[in-house]
Amino acid sequence: MKTSGITAALPAQDLARAKAFYIEKVGLRAVESGFLKANDGRLGLTVGDGVNQLFVYPARARSSGEFTQAVIQVAEVRAAVEEMRGRGLEFEEYDTPETRTENGIARTPDGGDGAWFKDSEGNLVGVVRAVPG
């Protein structure tokens, strides 16, 4: 199978709240998308930079937020975390056999850094170092 891209889709109960969160806290563009239109007429969101995208679709159900549902890859995790913290974003703290964070950042199996936050809709989103292509 040859792919043209793979993306994640996250549920949102309040699309205006999700749009504001991704713009104001995460620092990404979030635009309404007719591609993600629900039967009731609500429009979903395309979040990202135009090349890399995350879909946020209208849903009544709420995510449990117990596992990573989407991952944002960045050049430098610590810099991205500090930038988002500066906009008021809070990062999750973990102390489990699999993941232990210090100040919101954990070492990943590849020796890089990782961090996680919950979006306005309860979805758990990871931030990791971009893998060289």
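Each remark here, short or long, concerns the structure printed above.
Only a predicted model underlies this, so the values are computations on that prediction, with no experimental measurement involved.

Reading guide: rules and limits
- Residues numbered from 1 in each chain as written.
- Predicted model: local features only at pLDDT ≥ 70, side-chain atom pairs only at ≥ 80, totals over all residues.
- Heavy atoms only, no water.
- Salt bridge = Lys/Arg side-chain N within 4 Å of Asp/Glu carboxyl O.
- Buried < 20%, exposed > 50% of the residue type's maximum accessible area, 1.4 Å probe, protein only.
- Core = buried A, V, L, I, M, F, W, Y, C linked by side-chain atoms within 4.5 Å.
- Helix = DSSP H or I, 4+ residues; strand = E, 2+ residues; numbered from the N terminus.
- Contact = heavy atoms within 4.5 Å.
- Pairing = 2+ DSSP bridges.
- Axes fitted to C-alpha atoms, helices over the stretch in contact; angles between N-to-C directions.
- Arc of directions from axis to C-beta.
- Polar contact = N/O pair within 3.5 Å; in protein donor to acceptor, adjacent residues only side chain to side chain.

Turning our attention to the pattern of salt bridges. With the rule as written, the count across this model stands at 8 salt bridges. Two residues, glutamate 83 and arginine 87, come together in a salt bridge whose shortest N-O distance is 3.2 Å. The class for glutamate 83 is partly exposed, based on a relative accessible area of 48%. Between aspartate 113 and arginine 107 there is a salt bridge; the shortest N-O distance is 2.7 Å. Take arginine 107: its relative accessible area is 59%, and that puts it in the exposed class. Residues joined by salt bridges that share partners form a network here, namely Arg78, Arg107 and Asp113.

What follows covers the nonpolar core. Within the largest apolar cluster, 27 residues are counted, with the highest numbers of intra-cluster contacts made by Tyr22, Val26, Val56, Met84, Phe91, Phe117 and Val127. Elements represented by at least two residues in this core include exactly strand S1 (9-12), helix H1 (15-26), strand S3 (44-48), strand S4 (53-58), strand S5 (68-74), helix H2 (77-86), strand S8 (113-118) and strand S9 (124-129). With 5 residues, H1 is the largest single contributor of residues to this core. With residues near it in sequence (within four places) discarded, tyrosine 22 still touches Leu10, Gly27, Leu28, Ala30, Val47, Leu54, Val56, Asp119 and Val125.

On to the sheet that holds S1, then. In spatial order, the strands read S1-S4-S3-S2; together these 4 strands make up an open sheet with mixed pairing. Looking at the sheet topology across the chains shown, the edges are occupied by S1 and strand S2 (29-33). Strand-to-strand, the axes of this sheet are offset by a mean angle of 25°, without reference to chain direction. Bridge count between S3 and S4: 4 bridges; the pairing is antiparallel. From the neighbouring strand, leucine 45 faces S4, where its bridge partner is valine 56. Packed onto the sheet, H1 meets S1, S2, S3 and S4 and runs at close to 160° relative to S4.

Let's shift gears to the sheet that holds strand S6 (residues 101-102). Strand order in the open sheet formed by 5 strands is S5-S9-S8-S7-S6, and the pairing between neighbours is mixed. The open sheet has two free edges, formed respectively by S5 and S6, since each of these has just one partner strand. Together, S5, strand S7 (105-107), S8 and S9 form the strand contacts of H2, whose direction differs from that of S8 by roughly 25°.

With that settled, the discussion passes to H2. When we look at burial in H2, the residues that qualify are Val77, Ala80, Val81 and Met84. Seen along its axis, H2 keeps its buried residues to an arc of 100°; they face one direction. Contact partners of the buried residues in H2: H1, S5, S7, S8 and S9. Capping the start of H2, glutamate 76 holds a side-chain oxygen 3.2 Å from the backbone nitrogen of arginine 78, two or three residues further along. Backbone geometry just after H2 places glycine 88 at a positive phi near 95°.

Most of S8 sits out of view: 5 of its 6 residues are buried. Across 2 bridges, the pairing between S7 and S8 is antiparallel. Residue arginine 107 lies in a different strand from S8, and its bridge partner there is aspartate 113. As consecutive antiparallel partners, S7 and S8 are separated by 5 residues, and within that stretch glycine 111 has a phi angle of approximately 90°, a positive value. Between S8 and S9, which follow one another and run antiparallel, lie 5 residues, and glycine 122 among them has a positive phi close to 90°.

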